[in-house]
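Coordinates in review
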Amino acid sequence: MIEVHDLHRHFGGFRAVDGASLQIRTGSITGLIGPNGAGKSTLFNVIAGVLPPTSGRVVMDGEDITGLPPHELFHKGLLRTFQMAHEFSSMSVRENLMMVPPGQSGESLWNTWFGRKRIANEERALRARADEVLDFLTISHVAEEKAGNLSGGQKKLLELGRCMMVEAKIVFLDEVGAGVNRTLLGTIADAIIRLNKERGYTFCVIEHDMDFIGKLCDPVIVMAEGKVLAEGPAAHIMENEAVIEAYLGR
Ligand code: ADP
Ligand code: MG
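Cut-offs used in this document
Throughout, residues of each chain are indexed from 1 in the direction in which the sequence is written. Lettering for chains starts from A, numbering for ligands starts from 1, and both go in the order in which the items are written. Given that this is a predicted model, residues contribute local features only at a pLDDT of at least 70 and side-chain atom pairs are listed and counted only at 80 or more, while totals for whole chains, interfaces and linings are drawn from all residues. By the criteria applied, helices consist of DSSP H or I runs no shorter than four residues and strands consist of E runs no shorter than two, each listed in order from the N terminus. Our radius of gyration looks at C-alpha atoms and nothing else; its globule reference is 2.2 Å times the residue count to the power 0.38. Buried, partly exposed and exposed are defined by the number of other C-beta atoms within 10 Å of a residue's own C-beta, namely 20 or more, between the two limits, and 12 or fewer respectively, with C-beta atoms placed from the backbone. In this description, any two residues whose backbone-derived C-beta atoms lie within 7 Å of each other are considered to be in contact. Note on pairing: DSSP must find at least two bridges between two strands before they are called paired. Between N-to-C directions, angles cover 0 to 180 degrees, with each direction set by a line fitted to C-alpha atoms, over the stretch in contact for helices. Between the first and last residue of a helix there are one fewer steps than residues, each counted as 1.5 Å, and that sum is the expected span.

Going by an unreviewed UniProt entry, the protein chain carries the name Branched-chain amino acid transport system ATP-binding protein and comes from Paracoccus chinensis.

Okay, here's the thing in structure tokens:
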């Protein structure tokens, strides 16, 4: 689904992404691991249109998507979540979900004058969808809660929930398990697996918890110093000399 060709992203003289090439197979849950500062988040940012690349290409389903802005990628079904959750903290959890789908009729003035009934119907449908998503993620009990009051793990689930409000093709998850307790991490893993199997979502997941990566991801891609160091099944990766060295630091 995604091909990254010789991608560079430099910050001044510093090469955060330094000629990375990789592929993400349609239907896979691909893991992306590597030591802190390896360039994983920067790579995600470039793929998702948050940062322009210094050079290189990103291709989605055969189409060059290099440098397209996030909203255009969103319409193509490419979504990303951030390492730090960014919910609308004073709105309820349900409202946070209902905000997501683009092109709601309520957005145009014309519709506020002439389409009241249609808007009401759409809102009902959105609300039903949001409640389905909350149910799927097993957090229905916090639907009315202000999103700012959620625990770190629940905020991560909400991020995942936002991806479920639209028809995504591929979702990039940046440290979805960071600071999340074991139980919630299991819930997140289940949700990812179900979205993958039942809805056909492809995932690319950055995560430090190797347990989580090992259970969820095939293949696993390892980055170090802005480059792809290794790729393969989790079990092989963890025995790879170069990978072990990169983690221990030379
Ligand atoms: P990872 O997600 O693998 O931990 P990052 O992609 O966040 O790594 O960062 C890779 C390197 O690029 C780090 O050394 C980081 O300090 C640097 N970096 C990231 N973003 C910027 C930026 N906006 N300006 C300057 N340096 C940056
Ligand atoms: Mg990062």
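**Details of the overall build of the protein chain**
The secondary structure content of the protein chain amounts to 10 helices and 10 strands. Relative to the 2.2 N^0.38 estimate, which gives 18 Å for 250 residues, the radius of gyration of the protein chain is 19 Å and therefore close to what a compact globule would have. C-alpha extents for the protein chain along the principal axes are approximately 65 × 40 × 30 Å. Out of the 250 residues in the protein chain, the part that is buried amounts to 39%. The contacts of the protein chain with a sequence gap of at least 6 include a subset with a gap of at least 24, amounting to 67%.

**Quick notes on the sheet that holds strand β9 (residues 220–224)**
One open sheet holds the six strands; their spatial order is β6-β7-β8-β3-β9-β10, and the pairing between them is mixed. With partners counted over all chains shown, the strands left at the sheet margins are β6 (78–80) and β10 (227–232), one partner each. Across the sheet, the mean angle from the axis of one strand to that of its neighbour is 20 degrees, orientation sign disregarded. Relative to strand β8 (residues 202–206), strand β3 (residues 29–33) runs parallel, the two sharing four bridges. Paired with Gly31 across the bridge in β8 is Val205. Its contacts with the sheet put helix α10 (residues 241–248) on β9 and β10, and the angle it makes with β10 is roughly 130 degrees.

**Quick word on unusual backbone geometry**
With an omega dihedral of 0 degrees, the bond running from Asp218 to Pro219 counts as a cis peptide bond. Mapping Pro219 onto the fold places it in the loop between α8 (210–216) and β9. One non-glycine residue, Glu175, lies in the positive phi region at around 45 degrees. Topologically, Glu175 is positioned in the loop between β7 (170–174) and α7 (182–199).

**Observations concerning α7**
With 18 residues, α7 ought to run about 26 Å at 1.5 Å a step, and its terminal C-alpha atoms sit 25 Å apart, in line with that. Among all positions in α7, only Leu184, Leu185, Thr187, Ile188, Ala189, Ala191, Ile192 and Leu195 are buried. Contact partners of the buried residues in α7: β3, α5 (116–136), α6 (152–164), β8 and α8.

**Describing the sheet that holds strand β1 (residues 2–11)**
On the basis of which strands lie adjacent, the open sheet formed by four strands has the order β2-β1-β4-β5 and antiparallel pairing. The strands lining the two open edges of the sheet, one partner per strand, are β2 (14–24) and β5 (63–64). Packing against the sheet, helix α1 (residues 40–47) makes contact with β1, β2 and β4 (55–60), and its axis sits at approximately 115 degrees to β1.

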